[in-house]
Amino acid sequence: HGLYTPGSAFPRGQGYAWGRVCPQFTPFGAIRGNVNHDNERYGLYLDNQYPRNLDRDKNGFVRGGCPEFTTDGKDNGVVPANVVEDEFDYHNLFVGVYSLGDVSFVGHTSLNNAHSFYWETSKNFADGVSHHFRDGIVANNQYDSYGRLQFYGPSGPFTFRFTNMTFLGGPVGE
């Protein structure tokens, strides 16, 4: 993998941090301007990440906020949503996520990947305004022997917001 965030691999942390963190629900810092190319598996791979509004102590350990909903029943997803910005993925077997919420892709470019983007499940954004994808390009050069123009989008009881996206090139599908 090029850029991999194994959110659910150690859901309660490891070592000294065990039981004091919840990696799957910890908000990201800036993810901007990365290039992932020629990876055997995933280029970008954000695995099972749902950033939430965590209450942390001065050492960064979690005091609360890991649950999906607040005590009054509101969505606990991070507001504003985390953003992956200006990501470029090229010649990877896969690009994408399995399960991801409250993370927006802005300016993402996927070029000549075997699977332009793969995403299984998600949710509506807690902030109510973010888009899953905005201002991106999914492209495949038909003269390059690697890649297909195909976007595997998620399913579920939510609105998948896809705005100002450009799809160009071919071939399409398997």
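Residues numbered from 1 in each chain as written. Predicted model: local features only at pLDDT ≥ 70, side-chain atom pairs only at ≥ 80, totals over all residues. Heavy atoms only, no water.

A short note on the nonpolar core
Leu-46, Val-84, Leu-100, Phe-105 and Trp-119 are the most contacted members of the largest nonpolar core, which totals 16 residues. If you list the elements that add at least two residues to this core, you get strand S4 (42-47), strand S9 (94-97) and strand S10 (103-106). If sequence neighbours within four positions are ignored, Leu-46 has contacts with Thr-5, Phe-28, Val-84, Gly-96, Val-97, Tyr-98, Ser-99, Leu-100, Val-103 and Phe-105. Counting five residues, the second-largest nonpolar core is a separate cluster that includes Phe-25, Tyr-50, Leu-54 and Val-62. (Core = buried A, V, L, I, M, F, W, Y, C linked by side-chain atoms within 4.5 Å. Buried < 20%, exposed > 50% of the residue type's maximum accessible area, 1.4 Å probe, protein only. Helix = DSSP H or I, 4+ residues; strand = E, 2+ residues; numbered from the N terminus. Contact = heavy atoms within 4.5 Å.)

Brief notes about the sheet that holds S10
Adjacent strands of a sheet pair through backbone hydrogen bonds, lying either parallel or antiparallel. Pairing within the open sheet is parallel, and its five strands lie in the order S2-S7-S10-S13-S16. Each having just a single partner strand, strand S2 (31-32) and strand S16 (162-163) make up the two edges of the open sheet. One ladder, built from two bridges, connects strand S13 (residues 133-134) with S16; its direction is parallel. From the neighbouring strand, Phe-133 faces S16, where its bridge partner is Phe-162. (Pairing = 2+ DSSP bridges.)

Regarding the pairing of S10
Of the two faces of S10, the one carrying Val-103 and Phe-105 and the one carrying Ser-104 and Val-106 are both buried. Direction of pairing for strand S7 (residues 82-85) relative to S10: parallel, over a ladder of four bridges. Its bridge partner being in S10, Asn-82 is matched across the sheet by Val-103. As defined by bridge partners, S10 adjoins S13 across two bridges and the pair is classed as parallel.

Some thoughts on the confidence of the model for the protein
Residues of the protein with pLDDT of at least 70 account for 99%, and the chain-wide mean is 93. The spread of mean pLDDT over the elements of the protein runs between strand S1 (residues 3-6), the lowest at 86, and S13, the highest at 98. (pLDDT = per-residue confidence, 0-100.)

A few points about the environment of Asn-53
Position of Asn-53 relative to the elements: it lies in the loop between S4 and strand S5 (55-56). Separated by 23 residues in sequence, Asn-53 and Asn-76 have C-alpha atoms that sit 6.1 Å apart. Aside from chain neighbours lying at most four places away, what touches Asn-53 is Gly-64, Gly-65, Asn-76, Gly-77, Val-78 and Val-79. Only 3.0 Å separates the side chain of Asn-53 from the backbone oxygen of Gly-77, close enough to count as a polar contact. (Polar contact = N/O pair within 3.5 Å; in protein donor to acceptor, adjacent residues only side chain to side chain.)

Digging into the state of the cysteines
Under the counting rule described, the total for this entry stands at one disulfide. For Cys-22, the disulfide goes to Cys-66, at an S-S distance of 2.0 Å. Looking along the S-S bond of the Cys-22-Cys-66 disulfide, the torsion reads about -80°, which is the left-handed sense. Separated by 44 residues along the polypeptide, Cys-22 in the loop between S1 and S2 and Cys-66 in the loop between strand S6 (62-64) and S7 bring together distant segments of the chain. (Disulfide = S-S within 2.5 Å.)

Considering the sheet that holds strand S3 (residues 35-37)
Pairing in this open sheet of five strands is parallel, and the strands run S3-S8-S11-S14-S17 from one edge to the other. Each edge of the open sheet carries a strand with a single partner, namely S3 and strand S17 (166-169). Neighbour to neighbour, the strand axes of the sheet diverge by 10° on average, direction disregarded. Sheet analysis places S3 next to strand S8 (residues 88-90), joined by three bridges and oriented parallel. Residue pairing across strands places Asn-36 opposite Asp-89, the latter belonging to S8. (Axes fitted to C-alpha atoms, helices over the stretch in contact; angles between N-to-C directions.)

Overview of the pattern of salt bridges
One pass over the structure, following the stated rule, counts six salt bridges. Salt-bridge contacts for Asp-55 lead to Arg-63; the nearest nitrogen and oxygen are separated by 3.1 Å. Between Lys-123 and Asp-75 there is a salt bridge; the shortest N-O distance is 2.8 Å. Of the two residues, Lys-123 is situated in the loop between strand S12 (115-118) and S13 and Asp-75 in the loop between S6 and S7; the sequence distance between them amounts to 48 residues. Each member of the salt-bridge network shares a partner with another, and the members are Asp-75, Asp-102 and Lys-123. (Salt bridge = Lys/Arg side-chain N within 4 Å of Asp/Glu carboxyl O.)

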